[in-house]
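Descriptive analysis of the structure
One-letter residues, chain by chain:
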Amino acid sequence: MDLLGNESARVYRATVYDDAEFGEFFHQVAPIDVIERMQIGSRPALRAERTGIEALRSIPWAHAWSQCRYMVPGWYGAGSALALASKQLGEPLLREMCSGWYFFSNLIDDIELALARADLEIAAAYDSLVEERHRRFIELLRAEYERTKEEVLKVRGGERLLDGEPTVQRSIMLRNPYIDPMHLVQVDLLRRWRAGGCNDKELFSALVATVSGIAQALQVLLLGHAQVAGHRRQGRGVRLVAGQGRVQGGQEVGLLGGAVGDGRAHHRRPLQQRDVQV
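What comes next is a walk through the structure. Predicted, not measured: the structure shown is a model, and the values here were computed from it.

In terms of regular secondary structure, the chain is built from eleven helices and zero strands. Per-residue burial over the chain gives 46% buried out of 278 residues. Contacts in the chain between residues far apart in sequence, at least 24 positions, make up 72% of those at least 6 positions apart. About 14400 Å² of surface is accessible on the chain, with carbon and sulfur atoms providing 50% of the total.

Next comes the structure, spelled out in C-alpha cells:
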C-alpha cells in the first residue's frame, strides 16, 4: 500500500500542483468559474490565504470535475500506481488483495465507479473550450484514464467496468442519453458567457440550472450505488429503483423512472454540439 500511495500521489501532484499551467487548463475545461459564483455551502469556494489550485476547497474542486465528466479526483494517478505495483510485486498479488482484503477491494470499487461515471465522449465537448497551449493536459488525462481502466480490469478480472455491478452498470447506460444534452447546453452557454466577460446574468442563470441538473442526475446514481453495496454486504438481493435512488426488492426499474424490462441496451447516438440549441 505504501508503494501504491506514494506513486499515485507523485503522479497526481506532478500534474495538478507542480505544473503551473494546470490551473489555467482546469479553469477552461471545467465550469469552476460558475461554481465559484454559486455560493454553495457556508464557506467560500476559495481559501483567502492560499493561491492557485491549493486555494480551492475540495467540494468545488470535485464538483467541477464531475460537471465536465472527467472525474479526475476519483481515479487520476491510480493507474500508474497499479501498473508499478503489478510490475514490482506481480499481478497475482494485487488480485489476491482485491479478493481477500475488504479495504483494498473497496478502494478498487471506488476507482472503478469513478471511471464508469466519467465520460470522455462528453468531456471532448468541454475540451473545445481549452486554448491550444493547454491542450497537452487533455492527452495526459486521457492516457492516464486508459491506463487506470486497464489496470483496474486486470485486478478485477473483468472485461468491462462494473461487470460485477450490473445494476449500476445498466443505470449509467440508461441515464446517459438523458443527461448528455444538458452537458452540451452547458458547453454552449459557457462559451457565450465567457466570451461576454462573464457578465450576462441571464446566461449565468441558465448555467446555474445546468450545473444543478447535472449534479442531481449524478447524485441519484451515487445514492443508488451506495444502497446496492450496503444491501449486498447484508446478503440481500436488491434491484435499483429509479428516480429516488431507492432500493426495493421484487421490482426493477431504470434510474429515470422507466421499467428496465428485458434489460436490452439503450444505445445513444453520438451527440454533436449542433444537436442542441439554446
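Still to come is the rest of the account.
Summed over the entire model, instances satisfying the criterion amount to 15 salt bridges. A salt bridge links Asp-33 to Arg-194, with the nearest nitrogen and oxygen atoms 2.8 Å apart. Of this pair, Asp-33 sits in helix α3 (residues 32–37) while Arg-194 sits in helix α10 (residues 166–195), placing them 161 residues apart in sequence. Overall, Asp-33 belongs to the buried group, its relative accessible area being 11%. Note that Glu-112 and Arg-156 form a salt bridge whose closest N and O atoms lie 3.3 Å from each other. On the criterion of sequence distance, the pair formed by Glu-112 in helix α7 (residues 102–117) and Arg-156 in helix α9 (residues 136–156) is long-range, its members being 44 residues apart. Residue Glu-112 is classed as buried on the basis of its relative accessible area of 6%. You can call Arg-156 partly exposed: its relative accessible area is 30%. Residues participating in the shared-partner salt-bridge network are Asp-19, Glu-21 and Arg-136.

Taken together, the side chains of Met-1, Trp-101, Phe-103 and Leu-107 present a nonpolar region at the surface, about 380 Å² in accessible area. Inspection of the secondary structure puts Leu-107 in helix α7.

Below, the discussion takes up helix α8 (residues 120–127). Side chains of residues three or four places apart in an α-helix project in the same direction, reflecting 3.6 residues per turn. Taking burial as the measure, the eight residues of α8 include six buried ones, the bulk of the element. Buried within α8 we find Leu-120, Ile-122, Ala-123, Ala-125, Tyr-126 and Asp-127. If you check the start of α8, you find a side-chain oxygen 3.1 Å away from the backbone N of Glu-121, and it comes from Asp-119.

The next subject is helix α5 (residues 78–89). When the terminal C-alpha atoms of α5 are compared, their 16 Å separation across twelve residues agrees well with the 16 Å that a helix rising 1.5 Å per residue should span. Among the residues making up α5, those that are buried are Ala-78, Gly-79, Ser-80, Ala-81, Leu-82, Ala-85 and Ser-86. In this fold, the buried residues of α5 make contact with α1 (2–16), α6 (91–100), α7 and α9. Looking at the residues trailing α5, positive phi occurs at Gly-90, about 100 degrees.

Cut-offs and rules
Residues numbered from 1 in each chain as written. Predicted model: local features only at pLDDT ≥ 70, side-chain atom pairs only at ≥ 80, totals over all residues. Heavy atoms only, no water. Helix = DSSP H or I, 4+ residues; strand = E, 2+ residues; numbered from the N terminus. Buried < 20%, exposed > 50% of the residue type's maximum accessible area, 1.4 Å probe, protein only. Contact = heavy atoms within 4.5 Å. Areas by Shrake-Rupley, 256 points an atom, 1.4 Å probe, with all protein chains shown as cover. Salt bridge = Lys/Arg side-chain N within 4 Å of Asp/Glu carboxyl O. Patch = residues over 30% accessible without salt bridge, like charges linked within 9 Å, V, L, I, M, F, W, Y side chains within 5 Å. Polar contact = N/O pair within 3.5 Å; in protein donor to acceptor, adjacent residues only side chain to side chain. Expected span 1.5 Å × (residues − 1).

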